[in-house]
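# Examining the three-dimensional arrangement
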Amino acid sequence: ETGVTQTPRHLVMGMTNKKSLKCEQHLGHNAMYWYKQSAKKPLELMFVYSLEERVENNSVPSRFSPECPNSSHLFLHLHTLQPEDSALYLCASSQEADRVSNSPLHFGNGTRLTVT
Amino acid sequence: AQSVTQLGSHVSVSEGALVLLRCNYSSSVPPYLFWYVQYPNQGLQLLLKYTSAATLVKGINGFEAEFKKSETSFHLTKPSAHMSDAAEYFCAASGGSYIPTFGRGTSLIVHP
């Protein structure tokens, strides 16, 4: 399998639940990203991992917890979410070189999250 | 810091008409520029990228974009729109960092 795969594609959870989103990339990239895409809002960068170390965290609430166990896998652990967290969560990967790169991002198809 | 501006949240064209989606960037360093397309219920996929080799860049599905440094623009065009081009289009820029900055996106609507 090639590309970036996200599971599950759809998730409905209550505000007291704990769930995890999974992302796997088969492109040999060394950087991975989580984005949040809400209706009528711009793409929001949530987390960036480069060489399995978190390099950027854009003031995301602590109810979102990322994990990057290796360069191919990225998780987003969710707990006590709010209805406004309902959105499409996109994972992406890229090949970073010396912190400056013309390598494009490769996106998965996202997880559509609904918080009830 | 990078910023990317896409003029018009929606662009409506007739099938067969010219498509023009506008993107302007601001950057203190020479940028790398990208256009992505997002179809419903899918992630973003790369249409084309500019990396300083040539100012006119050809991408997939008949799209192209021209880098104009004097105008800090990277507008996306297609001579003849097809119904299947209806989607959300995102312009992005990176420069000084491998992490790109995205525009807000432009929804392309194609009428029969």
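In what follows, the structure referred to is the one given above.
A brief report on the enclosed structure follows. Model, not experiment: these values are computed from the prediction.

## A look at the pattern of salt bridges
Close approach of charged atoms allows side chains with opposite charge to pair. All names here are of chain B. A complete count under the given rule lists three salt bridges over all chains for this structure. Note that Lys-58 and Glu-64 form a salt bridge whose closest N and O atoms lie 2.8 Å from each other. Note on Glu-64: relative accessible area 23%, which makes it partly exposed. The partner of Asp-85 in a salt bridge is Lys-78, and the shortest N-O contact between them spans 2.8 Å. Across the pair, Lys-78 and Asp-85 agree in class, each one buried.

## A word on the interface of chain B and chain A
Facing 20 residues of chain B, the contacting portion of chain A comprises 26 residues. It is Leu-44, Tyr-98 and Ile-99 of chain B that lose the most area in chain B upon contact with chain A, and together they represent 36% of the buried surface on that side. Our enumeration of links across chain B and chain A arrives at four residue pairs in polar contact (both at pLDDT 80 or more). Looking at the side of chain B that touches chain A, the elements that each hand over two or more residues are strand S5 (32–38), strand S6 (44–50) and strand S10 (87–94) of chain B.

## Side note on the sheet that holds strand S1 (residues 4–7) of chain A
All names here are of chain A. Ordered in space as S1-S3-S8-S7, the four strands form an open sheet in which the pairing is antiparallel. Where the open sheet ends on each side, the last strands, each with one partner, are S1 and strand S7 (64–70). Averaged over neighbouring strand pairs, the angle between their axes works out to 15 degrees when direction is ignored. Bridge analysis of S1 against strand S3 (residues 18–25) gives four bridges, and the strand direction is antiparallel. Bridged to Gln-6 within S3 is Cys-23.

What counts as what
- Residues numbered from 1 in each chain as written.
- Chains lettered and ligands numbered in written order.
- Predicted model: local features only at pLDDT ≥ 70, side-chain atom pairs only at ≥ 80, totals over all residues.
- Heavy atoms only, no water.
- Salt bridge = Lys/Arg side-chain N within 4 Å of Asp/Glu carboxyl O.
- Buried < 20%, exposed > 50% of the residue type's maximum accessible area, 1.4 Å probe, protein only.
- Contact = heavy atoms within 4.5 Å.
- Buried area = accessible area lost by both parts, 1.4 Å probe.
- Polar contact = N/O pair within 3.5 Å; in protein donor to acceptor, adjacent residues only side chain to side chain.
- Helix = DSSP H or I, 4+ residues; strand = E, 2+ residues; numbered from the N terminus.
- Pairing = 2+ DSSP bridges.
- Axes fitted to C-alpha atoms, helices over the stretch in contact; angles between N-to-C directions.

Just distances and angles here, no functional claims.
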